Amino acid sequence: MAGRAGSSRRVRWALADLLVLLYALVPVLWLVSLSVKTPAAVADGSFVPSEWTWRNYRSIFGDGDFLRGLVNSIGIGLISTLVAVVIGTMAAYAVARLRFPGRSAILGVSLLIAMFPQISLVTPLFQIERALGLFNTWPGLILPYVTFALPLTIYTLSNFFQEIPWELEKAAKMDGATPLQAFCLVIVPLAAPGVVTAAILAFIVCWNDFLFAISLTSSSTARTAPAAISYFTGASQFEDPTGSIAAAAVVITVPIVLFVLFFQRRIVSGLTSGAVKG
Amino acid sequence: MRRALSAGERSERRLAWWLCAPAALVMVLVTAWPVLYSVLLSFQRYDLRFPGRREWIGPDNYATVLGSGFWWSAVWVTLLVTVVSVLIELVLGMALAVVMYRTLVGRGLVRTVVLIPYGIVTVAAAFGWKYAWTPGTGWLAGLLPPGQAPLTEHWPAIAIIILAEVWKTTPFMALLLMAGLALVPEDALKAAAMDGANAWQRFRMITLPLMRPVILAALLFRTLDAFRIFDDVYVLTNGAQGTSSVSIIAYHNLIGGLNLGIGSTMSVLIFLITALIAFFFVAGLGAGSPAGKERR
Amino acid sequence: MAEIVLDGVTKRFSDGTVAVREFDLTIADGEFVILVGPSGCGKSTTLNMIAGLEDITDGELRIGGERVNERAPKDRDIAMVFQSYALYPHMTVRQNIGFPLRLAGTDKARANAKIEETAGILDLSDLLDRRPANLSGGQRQRVAMGRAIVRDPSAFLMDEPLSNLDARLRVQMRTMISRLQNRLGTTTVYVTHDQTEAMTLGDRIVLMKDGVVQQTGAPEDLYARPHNLFVAGFIGSPAMNLLPAELTSEGLRTPLGLVPPTPRITAALRSDPPREVVMGLRPEAFADTRLPRPVADGAARLAFTARTDIVESLGAEKYVYLDLSPEPPGAPAPGQLVARLDAASPVREGEPLELDYDPTQIHLFHPETGVNLTESR
């Protein structure tokens, strides 16, 4: 009796799981399907491609602008992430471990920026960056990216740092460690997962941006991949770019999705730590 | 002796300030300065196509923007999209959170797969939705009666924008809510069950009140985030059929129209609306939280 | 091995509060000293000052004859066991125990031998390659001990090392620590808030309250000769009965009746005490008159009757809670009394019970200062 009730509950939960899987996967599979369709089949409207081809992928990787966009996205994303994580870690350490006036100001400013409408920055930044010669350059995008990645890193990391049992630092000192040894041998290994989480979240913010990328660039010099896609026209003027756009969309999505799936646990804890503390 | 101790405190403060300085400097330089600058620009006639005619014109830009039907249409569309998406996300996200938190089978798989929409680049997902609803090309358009082109009609287009927004951001909402579910002590639920509460009553009378702070925080974040919606609208309609959001219309005035004065005015107005929304939320949070905190 | 001397050690925080005031103590080489007191009494702060984890505001700390106030923890050659165990979660048991050796630059072979030996002593040999997350509470506690003893420090500091364990395990570990300390003969300072732990473990107990040492001495000493009301109330379970009493020319007027002057009461009278005093009697001072009783040495046993409220039967003995009637009738009720009786006592709840006690065991305390008037110091 109990066994049967248990198994029917399992079936119901399995159905719920299935709905969630369909929800998350169908739109992604549709993009993949579109990206492997032949030009003739693109407009057939079927979910499953009748014939597979790598043609669209070959075409986008033969496209200098898209490749350049990928390079820009990766480069700008990595540099922004690095900068945000380094200065964000410093600030988060101070917020989590030290007592000082201004602590709540730092947290408050971070919160404000996390909610700030980016468009309100686009107009003045457009003008300021043109005056400073930063328009359409890597630093021109890195600056806003770092700014908008910082709140996330500061919040994630300071929550993480607060969780570290700092008694371990004392224990290490009692075990004969110098302060530097205690930091390197005990605190850094414990903090590393938090830093990795913050880095992933920061990179996703940078990689996902579209507004700054199309507003603060004017050529492929600094235009990132998502912006480059929106300028796709197709191999020739008369060719429909649908297949290429789908392929490009898959290309910029796959690495991030793999990343997310691989670091699932950490991302979940990083994203939610702030909300729970409220 | 006391002086020595306060010297220690002083050095702690100094260290903290040095550690925070770079982050604070970047955040303030990249936001505060431009915001002030855009306030200045909003009081000028400044069209990059006619730079010679630049001059101070006081509040004229505000009059122009606030007197414009396009602006008000964008405001209402943005508010509509925001409210509807966030409400759907709350309900759907709660369902998703419960499945992720409680499911007996494949919990790890569900929790992982649900992150895919979160990880996907918004523009890429938007293109997927655009083609799905394009007549001929799309599998979803194929389900409609022939001759329909939903993205070229006002209400269907807005519905699709909401769909794209909801699909992409519900997982984030669900994750926050799942963290909130974890805050509800199992013992309280068991006690309620012993007291005769059924599943729905337990959810409504135990789980929801305990999750209130998390729900409000999630709503605040998502509301302000939805209010700046840009990528989905840009890709799906680019503002055609009266579907412009405030971000889209400001962008078009700046990059398309090269009108810095009007663009800045809109920037300032958007900033003010955001602040207003945040204020109402925080006031709501503030009114709601003391009781919640005392209970803990 | 070393002697530890605290000479007027004081800790004052920047907001002006004094956590530890003028702490004087000489801990002999190999001695096991317990710092005990309620939470916030300054015992952990004292331990942290010995460890070097907190600065000493005033006074001097000497280990092995040398002033170490300014030395970093690592240069004091002392090991510490923390309440939370503070095991490094990213290291295996072997790495945890070997961490102090690694920092000291001990060569691999010698370190390994030392780790194996330590693990053997603590019964951890099979767990060396596990991580702390995969250990039970008791096992974690032993790893923390192992990390402390592996490098033969000149002293151990233990900060409530057993308070995260369940009751049964706590008793087991208590004997283990006792045995270990006997075997190693290392000077040990042990902090706890639990008076039972203090009574059973230490050679000597230092009882603190509000940053001030109340009494230092052997466990029996603190139990039998408390210097003041606080010590009397803190040590012993169930706690000492404290009743209002009055010193008169005929003797001591108490809620249990008039007590003729015993030598101790006479001695107390010599220190010019107030009339109103507090009388203290341990629960085991009482006996059921229906049972054979120990022969009183000196004064005769005094009997009284009271109503039984609650009886707690512990198997080997019974704790009996009695309601005292006001004396004289109409005065405020003096409260409850707890007596520790032989299990053979046929006492029943709700019934009157006749008990007697040995008046020589009475303590008298000054009601304001709390000083024990019957123990001339």
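Residues numbered from 1 in each chain as written. Chains lettered and ligands numbered in written order. Predicted model: local features only at pLDDT ≥ 70, side-chain atom pairs only at ≥ 80, totals over all residues. Heavy atoms only, no water.

**Points about the overall build of chain C**
Piece 1. Of regular secondary structure, chain C possesses nine helices and 20 strands.
Piece 2. Taking the principal axes of the C-alpha coordinates as reference, chain C spans close to 75 × 45 × 40 Å.
Piece 3. The 377 residues of chain C split such that 51% are buried.
Piece 4. In chain C, of all internal contacts separated by at least 6 residues, the share reaching a separation of at least 24 is 68%.
Piece 5. Total accessible area on chain C stands at roughly 16,500 Å², and carbon and sulfur atoms take up 48% of it.
Piece 6. Taken together, the 41 basic and 51 acidic charged side chains of chain C have centroids lying 6 Å from each other. (Helix = DSSP H or I, 4+ residues; strand = E, 2+ residues; numbered from the N terminus. Buried < 20%, exposed > 50% of the residue type's maximum accessible area, 1.4 Å probe, protein only. Contact = heavy atoms within 4.5 Å. Areas by Shrake-Rupley, 256 points an atom, 1.4 Å probe, with all protein chains shown as cover. Lys, Arg positive; Asp, Glu negative; His and termini not counted. Charge placed at Lys NZ, Arg CZ, Asp CG, Glu CD.)

**Things to note about the interface of chain A and chain B**
Piece 1. Each side of the interface is counted separately: chain A has 86 residues, and chain B has 89 residues.
Piece 2. Together chain A and chain B conceal approximately 7,900 Å² of surface at their shared face, both sides included; 79% is due to carbon and sulfur atoms.
Piece 3. In terms of surface lost to chain B, no three residues of chain A exceed Trp 13, Tyr 23 and Met 115 of chain A, which account for 9% of the buried area on that side.
Piece 4. Along the contact surface separating chain A from chain B lie 15 residue pairs in polar contact (both at pLDDT 80 or more).
Piece 5. With 17 residues, the top contributor of residues to the side of chain A that touches chain B is helix 1 (residues 2-35) of chain A.
Piece 6. Partitioning the side of chain A that touches chain B into residue classes produces 66 nonpolar, 14 polar and six charged. (Buried area = accessible area lost by both parts, 1.4 Å probe. Polar contact = N/O pair within 3.5 Å; in protein donor to acceptor, adjacent residues only side chain to side chain. Nonpolar A, V, L, I, M, F, W, Y, C, P; charged D, E, K, R; others polar.)

**Quick notes on the environment of Ile 273 of chain B**
Residues and elements named next belong to chain B.
Piece 1. By the secondary structure assignment, Ile 273 is in helix 12 (residues 260-295).
Piece 2. Considered as a pair, Ile 273 and Leu 224 are 49 residues apart in the sequence and their alpha carbons are 9.7 Å apart.
Piece 3. In this view, Ile 273 contacts Trp 71 and Phe 227; residues no more than four positions away in its chain are not counted.

**Points about the packing of helix 6 (residues 122-132) of chain B against helix 7 (residues 154-182) of chain B**
Residue and element names in this part refer to chain B.
Piece 1. Direction vectors running N to C along helix 6 and helix 7 enclose 135 degrees, while the axes themselves pass 10 Å from each other. Taken together, the axes of helix 6 and helix 7 are oblique relative to one another. Remark: the crossing between helix 6 and helix 7 carries right-handed chirality. Here Thr 122, Ala 125 and Trp 129 of helix 6 lie close against helix 7, whose contacting residues are Leu 163, Ala 164, Trp 167 and Lys 168.
Piece 2. Considered class by class, the residues forming the contact of helix 6 with helix 7 number five nonpolar, one polar and one charged. (Axes fitted to C-alpha atoms, helices over the stretch in contact; angles between N-to-C directions. Parallel < 35°, antiparallel > 145°, perpendicular 65-115°, else oblique. Left-handed = near helix turned anticlockwise from the far one by under 90°.)

**Side note on the sheet that holds strand 18 (residues 336-342) of chain C**
Residue and element names in this part refer to chain C.
Piece 1. Strands sit in the order 15-19-16-17-18 across an open sheet of five strands; the sheet is antiparallel. At either end of the open sheet lies a strand with only one pairing partner, and these are strand 15 (286-288) and strand 18. For this sheet, the mean inter-axis angle between neighbouring strands, taken without regard to orientation, is 50 degrees.
Piece 2. Of the strand pairs in this sheet, strand 16 (residues 302-313) and strand 19 (residues 352-357) are connected by six bridges, and their pairing is antiparallel. Each residue of the ladder has a partner; that of Arg 307, found in strand 19, is Pro 352. (Pairing = 2+ DSSP bridges.)

**As for the confidence of the model for chain C**
Piece 1. Mean pLDDT over chain C stands at 90; residues scoring 70 or higher make up 96%.
Piece 2. We note a pTM of 0.80 for the whole complex and an ipTM of 0.88 for its interfaces. (pLDDT = per-residue confidence, 0-100.)

**Focus on the sheet that holds strand 9 (residues 204-209) of chain C**
Residue and element names in this part refer to chain C.
Piece 1. A sheet is described by the order of its strands in space; here six strands give the open sequence 6-7-8-3-9-10, paired in mixed fashion. Two strands lie at the open edges of the sheet, namely strand 6 (78-81) and strand 10 (212-217), each paired on one side alone. Shown here is a sheet whose adjacent strand axes are inclined to one another by a mean of 15 degrees, direction ignored.
Piece 2. Across five bridges, the pairing between strand 7 (residues 155-159) and strand 8 (residues 187-192) is parallel. In the strand pairing of strand 8, Ala 155 is matched with Thr 187.

**A word on the packing of helix 3 (residues 69-102) of chain B against helix 9 (residues 199-227) of chain B**
All names here are of chain B.
Piece 1. It is the contact of helix 3 with helix 9, at a shortest axis distance of 10 Å, that shows an interaxial angle of 145 degrees. Remark: the crossing between helix 3 and helix 9 carries right-handed chirality. Contacts from Thr 78, Leu 79, Thr 82, Val 86, Glu 89, Leu 90 and Met 94 of helix 3 reach helix 9 at Phe 203, Leu 208, Met 211, Ile 215, Leu 219, Arg 222, Thr 223, Ala 226 and Phe 227.
Piece 2. Of the residues belonging to the contact of helix 3 with helix 9, the class tally is 11 nonpolar, three polar and two charged.

**Re helix 11 (residues 242-262) of chain A**
Residues and elements named next belong to chain A.
Piece 1. With 21 residues, helix 11 extends 30 Å between its outermost C-alpha atoms, agreeing within 8% with the 30 Å of an ideal straight helix rising 1.5 Å per residue.
Piece 2. Of all the bends found along helix 11, the most pronounced is centred on Thr 253 and spans about 30 degrees, while Pro 255, a proline, follows it within four residues.
Piece 3. Burial within helix 11 is extensive, with 15 of its 21 residues counted as buried. (Expected span 1.5 Å × (residues − 1). Bend = angle between axes of the 7 residues up to and from the residue.)

**Here's the deal with the environment of Gly 196 of chain B**
Piece 1. Among the secondary structure elements, Gly 196 of chain B is positioned in the loop between helix 8 (186-194) and helix 9.
Piece 2. Classification of Gly 196 of chain B as exposed rests on a relative accessible area of 57%.

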